[in-house]
Amino acid sequence: MDSTEKAALEHRRLWWHSRRGMLELDVLLVPYTETVYPTLSADQQHIYQRLLACEDQDLFNWFLEKSKPEDTELAAMVRQILDRVQPN
């Protein structure tokens, strides 16, 4: 498997992990994975992968801005995703 195939496989895996089964999360995470994730730096991609490993209820509360992640990198990623869909 060459690097292009590995990247495509990884992207498909992330796409499936972005599908959470909660519409509120799916409408944020799936488009982000499809359009923004490929443009992120390797460090930012790793942070996004860590975000996807979080519990749905935590993600739900963070994206509804009911709470914030204690991890500042995750908090910045949540903000970046929200800023993409919430005009100033």
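Residues numbered from 1 in each chain as written. Predicted model: local features only at pLDDT ≥ 70, side-chain atom pairs only at ≥ 80, totals over all residues. Heavy atoms only, no water.

Chemist: So, the environment of Glu-10: which residues are in play, and what are the values?
Modeler: If you trace the backbone, Glu-10 turns up in helix H1 (residues 3-18). Given the relative accessible area of 27%, Glu-10 is considered partly exposed. Within the local environment of Glu-10, its side chain forms a polar contact with the side chain of Arg-13, the two groups lying 2.6 Å apart. (Helix = DSSP H or I, 4+ residues; strand = E, 2+ residues; numbered from the N terminus. Buried < 20%, exposed > 50% of the residue type's maximum accessible area, 1.4 Å probe, protein only. Polar contact = N/O pair within 3.5 Å; in protein donor to acceptor, adjacent residues only side chain to side chain.)

Chemist: I'd like to hear about H1, residue by residue, with values.
Modeler: Across its 16 residues, H1 extends 22 Å between first and last C-alpha, which sits within 8% of the 22 Å expected from 1.5 Å per residue. Residue Asp-2 occupies the N-cap position of H1, its side-chain oxygen lying 3.1 Å from the main-chain nitrogen of Thr-4. (Expected span 1.5 Å × (residues − 1).)

Chemist: How would you explain the packing of helix H2 (residues 23-36) against helix H5 (residues 72-85) if you had to name every residue and give the values?
Modeler: In the contact formed by H2 and H5, the axes pass within 11 Å of each other and the chain directions differ by 90 degrees. It follows from the interaxial angle that H2 and H5 lie roughly perpendicular. Of the residues in H5, those touching H2 at Leu-28, Leu-29, Pro-31, Tyr-32, Thr-35 and Val-36 are Met-77, Gln-80, Ile-81, Arg-84 and Val-85. Of the residues that constitute the contact of H2 with H5, the class distribution is eight nonpolar, two polar and one charged. (Axes fitted to C-alpha atoms, helices over the stretch in contact; angles between N-to-C directions. Parallel < 35°, antiparallel > 145°, perpendicular 65-115°, else oblique. Contact = heavy atoms within 4.5 Å. Nonpolar A, V, L, I, M, F, W, Y, C, P; charged D, E, K, R; others polar.)

Chemist: Got a sec to walk through H5? Specific residues and values, please.
Modeler: Here H5 contains 14 residues, and its C-alpha end-to-end distance of 20 Å stays within 8% of the 20 Å for a straight helix at 1.5 Å per residue. All buried positions along H5 are accounted for by Leu-74, Met-77, Val-78, Ile-81 and Leu-82. Buried residues of H5, seen end-on, are gathered within an arc of 135 degrees and therefore sit on one face of the element. Elements that come into contact with the buried residues of H5 comprise H2, helix H3 (42-52) and helix H4 (56-63). With a side-chain oxygen positioned 2.8 Å from the backbone nitrogen of Glu-73, the residue opening H5 is Asp-71. (Arc of directions from axis to C-beta.)

Chemist: Give a detailed account of the side chain of Arg-20, specifying residues and quantitative values.
Modeler: Residue placement: Arg-20 occurs in the loop between H1 and H2. For Arg-20, a relative accessible area of 16% gives the class buried. A polar atom in the side chain of Arg-20 sits 2.6 Å from the side chain of Asp-56. Once residues within four sequence positions are removed from consideration, Arg-20 is found in contact with Leu-25, Asp-26, Leu-29, Leu-52, Cys-54, Glu-55, Asp-56 and Leu-59.

That is the geometry; function is a separate question.
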